[in-house]
Amino acid sequence: MPAGIDKSVTTQVNRNLNALRAQFTRRHPGRVLDIDHLLYLPGARLAGALPSSVDPARVVDAHRDAELVAVIEALLADPPAGWSDDRLDDLPHIEAFLTQRVGAVPDIGLLGRAARETTTRLSGGLSTWAGRLSMAPWRLRVQGTAGSGKTQLALQVLREARAAGRGALYVCFNRPLADAMRQLAPDPGAVVTFHEFARLALAQAGRPDVAFDSPDAFDVLARGFIELAPAFAGTFDTLVIDEGQDFEPAWADSLVAMARPEGRLLWLEDPEQSLYDRAPVALPGWVTLASPVNYRSPRLLVDFINWLGLTTEAVEAGSAVVGFDPRWYVFDDAHPVQAATEQAVADLLAQGYEPDRIAVLSVRGLAASLLAGAHGPVRLAGLGVRRQAGYDAEGAALWTDGKLLVDTVFRFKGQAADAVVITEIDFETFGLRERRRLFVALTRARLQVALVTSEAAAGVLRARLGG
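Residues numbered from 1 in each chain as written. Predicted model: local features only at pLDDT ≥ 70, side-chain atom pairs only at ≥ 80, totals over all residues. Heavy atoms only, no water.

## Description of the overall build of the protein chain
Each helix and strand in the protein chain was counted, giving 15 helices and 19 strands. In terms of overall dimensions, the protein chain has C-alpha extents of about 110 × 55 × 40 Å along its principal axes. In the protein chain, 70% of the contacts between residues at least 6 apart in sequence involve partners at least 24 apart. Taken as a whole, the protein chain presents about 23,400 Å² of accessible surface, with 54% of it coming from carbon and sulfur. Of the charged side chains in the protein chain, 48 are positive and 56 negative; the average position of the first set lies 6 Å away from that of the second. (Helix = DSSP H or I, 4+ residues; strand = E, 2+ residues; numbered from the N terminus. Contact = heavy atoms within 4.5 Å. Areas by Shrake-Rupley, 256 points an atom, 1.4 Å probe, with all protein chains shown as cover. Lys, Arg positive; Asp, Glu negative; His and termini not counted. Charge placed at Lys NZ, Arg CZ, Asp CG, Glu CD.)

## Concerning the sheet that holds strand 4 (residues 168-172)
Taking strand neighbours across the sheet as the criterion, the six strands line up as 5-4-6-7-3-8 in an open arrangement whose pairing is parallel. Of all strands in the sheet, those bounded by a partner on one side alone are strand 5 (191-193) and strand 8 (287-291). Neighbour-to-neighbour, the strand axes of the sheet open up by a mean angle of 20 degrees, direction not taken into account. The strands touched by helix 7 (residues 175-182) within the sheet are strand 4 and strand 5, with strand 5 carrying the most contacts at an inclination of about 175 degrees. (Pairing = 2+ DSSP bridges. Axes fitted to C-alpha atoms, helices over the stretch in contact; angles between N-to-C directions.)

## Examining the sheet that holds strand 18 (residues 417-425)
Read from one edge of the open sheet, seven strands run 11-19-18-12-17-14-13, paired in mixed fashion. Where the open sheet ends on each side, the last strands, each with one partner, are strand 11 (327-331) and strand 13 (379-380). Sheet topology places strand 12 (residues 358-362) next to strand 17 (residues 404-408); four bridges connect them, and they run parallel. Paired with Val360 across the bridge in strand 17 is Val406. The strands touched by helix 12 (residues 337-351) are strand 11, strand 12, strand 13, strand 14 (383-386), strand 17, strand 18 and strand 19 (445-454); relative to strand 11, the strand with the most contacts, the crossing angle is about 155 degrees. Strands in contact with helix 14 (residues 432-442) are strand 18 and strand 19; relative to strand 18, the strand with the most contacts, it is inclined by about 155 degrees.

## Here we look at the pattern of salt bridges
Going through the model one piece at a time under the given rule, you end up with 21 salt bridges. Note that Asp55 is salt-bridged to Arg58, the shortest N-O span being 3.6 Å. Classification of Arg58 as partly exposed rests on a relative accessible area of 22%. For Glu196, the salt bridge is made with Arg182, and the minimal N-O distance between the two is 2.7 Å. Of the two residues, Glu196 sits in helix 8 (residues 194-204) while Arg182 sits in helix 7, which places them 14 residues apart along the sequence. Given the relative accessible area of 11%, Glu196 is considered buried. (Salt bridge = Lys/Arg side-chain N within 4 Å of Asp/Glu carboxyl O. Buried < 20%, exposed > 50% of the residue type's maximum accessible area, 1.4 Å probe, protein only.)

## Focus: the packing of helix 11 (residues 299-308) against helix 14
Two numbers describe how helix 11 lies on helix 14: the axes approach to 11 Å, and their chain directions differ by 175 degrees. If you check the angle between helix 11 and helix 14, you find them roughly antiparallel. Between helix 11 and helix 14, the residues in contact are Leu301, Phe304, Ile305 and Leu308 and Leu438, Phe439 and Leu442, respectively. A breakdown of the residues in the contact of helix 11 with helix 14 according to their chemical character gives seven nonpolar, no polar and no charged. (Parallel < 35°, antiparallel > 145°, perpendicular 65-115°, else oblique. Nonpolar A, V, L, I, M, F, W, Y, C, P; charged D, E, K, R; others polar.)

## Some words on unusual backbone geometry
A cis amide bond links Ala136 to the next residue, Pro137, at an omega of -5 degrees. Here Pro137 shows up in the loop between helix 5 (125-131) and strand 3 (138-144). Positive phi, normally seen in glycine, also occurs at Asp277, with a value near 55 degrees. Unlike most non-glycine residues, Glu424 shows phi in positive territory, near 60 degrees. Structurally, the position occupied by Glu424 is in strand 18. With relative accessibility at 2%, the residue Glu424 sits in the buried group.

Just geometry here; none of it tells us what the structure is for.
Here's what the structure looks like:
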């Protein structure tokens, strides 16, 4: 209190006590707050006699500081006047009122938006460093872990080519990734999958059309493109090849030759995400930039990945987002995989995730998956399922109507969701194939994952985690 201003201690204490009692009664009508008091002066000593309105037993000054606990215990030794056990129900309300605790839960929508913005901002560092490299010819191979910023780098190179008026082409393996890149690239028409480009090349050469819905379409297209590749040599000023770990060496040789000798050629890959057991592509003479930092996955999830030993070298966590611990759901004969998956989705919805921010990913291929395949359920956890329903004759993916994406790990590479349910995990041994599929699936999540596993797989994973 300001110097020179006198206040009545008794009046001040009574005012505070009455204010507390009144506020409690307003919040909890019909209930009474019994509250006692003392005057605690830890930094002062009493000087002179106390006024008659102040009880000396309720004053603890610096001289009696060591007696504070004993004084409080003495004041609370006897129940207040008028107390009875009928008022026990008042105690939780009194505790909540006096402790001033506020109940709050994370706003998943805000956290998800923050995670997306943070990932974009931080992962841009790869573009910065790549742009500072000087080489002639410009041939850059980036071996970046999931979430390291390869997509941001690809977009930056494409934007620079567009601004300079250079002819550019972006080639990837997965159609869903190409569809996503078309939404971001400066020239959507310059984004293709390898097999889409092969089909265009065959059409330009007057070869018979190969429909994507034919059984051996992809093999026929690949062979045809390799035959025609010399005709496309030196076509592009800028060439970006993404998902390089999924390309056959023969495809790579034909694609690389399409760049002009003085042009810019960017090869993006992550060997740890190789799901097709293909031989590594040799790019002799290229500058290699390694990036082990994952800016997309939350820190708790990166720890989980490293504890499981999913990669040859430990992944570094670059995100500022802590995230949530993975959730486990076990399926068996009594609780089949669909029911366990639905429970995982329902729990995420209850936490506040919007359906379009959840991805349900099977570690099986489309043909083998009970959930992502053509005969999978049309609804999960009360939501309509959005699932690939094949391709039309032009190669455009066909999708069912629904808000909840159900797909495979193979097709979702290069993409991400706030929450990911990894389902149909079923193995008894944990080999390279299982590690890579799980690594790809886990690194799709920005905030949280749920693992839907068989009892056998759950036992294997928990053993790797130390029990």
